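Chain by chain, the residues run as shown.
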Amino acid sequence: MRLLRAQTVDTGDVIVRVGDPASSMYFIAGGEVDIDLGDRHVILGVGHFFGEIAVLRRSRRSATVTALTRTNPLVLDAHDL
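Residues numbered from 1 in each chain as written. Predicted model: local features only at pLDDT ≥ 70, side-chain atom pairs only at ≥ 80, totals over all residues. Heavy atoms only, no water.

Colleague: Just give me the short version of the pattern of salt bridges, but keep the residues and values in it.
Modeller: In the structure shown here, the tally under the stated rule is two salt bridges. A salt bridge links Asp-77 to Arg-5; the shortest N-O distance between them is 2.9 Å. Of the two residues, Asp-77 sits in strand 8 (residues 72-77) while Arg-5 sits in strand 1 (residues 4-6), which places them 72 residues apart along the sequence. When its relative accessible area of 18% is taken as the criterion, Asp-77 is described as buried. For Arg-5, a relative accessible area of 39% puts it in the partly exposed group. The partner of Asp-10 in a salt bridge is Arg-70, with the nearest N and O atoms 2.8 Å apart. Separated by 60 residues along the polypeptide, Asp-10 in the loop between strand 1 and strand 2 (14-16) and Arg-70 in the loop between strand 7 (64-67) and strand 8 bring together distant segments of the chain. (Salt bridge = Lys/Arg side-chain N within 4 Å of Asp/Glu carboxyl O. Helix = DSSP H or I, 4+ residues; strand = E, 2+ residues; numbered from the N terminus. Buried < 20%, exposed > 50% of the residue type's maximum accessible area, 1.4 Å probe, protein only.)

Next comes the structure, spelled out in structure tokens:
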């Protein structure tokens with residue numbers, strides 16, 4: 001838990017954008033996000049996580065993630081993973 005940073009994201013804010021370099025992954029502690037994969041959308045809520053694949057592969061983001069509600073992600077930086 002010491003490695004996680006708490007954030008607050010407002011409704012409509014983009015958390016990560018497709019094509020951006022991946023520097024962290026996110027755990028949803030509160031709220032909901034929409035993951036836009038281009039051909040489909042996935043909604044994640046409390047207890048879910050995202051961003052791990054790009055971090056582990058040291059690649060760019062494959063989706064844009066937007067807060068559907070006021071969201072509280074816990075951020076784990078790549079170098080701590």
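Okay, back to it.
Colleague: Explain unusual backbone geometry to me, using residue names and the numbers behind them.
Modeller: Not every positive phi belongs to a glycine, and Arg-58 is a case in point at roughly 55 degrees. Classification of Arg-58 by relative accessible area gives exposed; the value is 78%.

Colleague: Tell me about the confidence of the model for the protein, residues and numbers included.
Modeller: Within the protein, residue pLDDT values average 92, and 98% of them lie at 70 or more. Highest mean pLDDT in the protein belongs to strand 7 (98); lowest belongs to helix 1 (residues 52-57) (83). (pLDDT = per-residue confidence, 0-100.)

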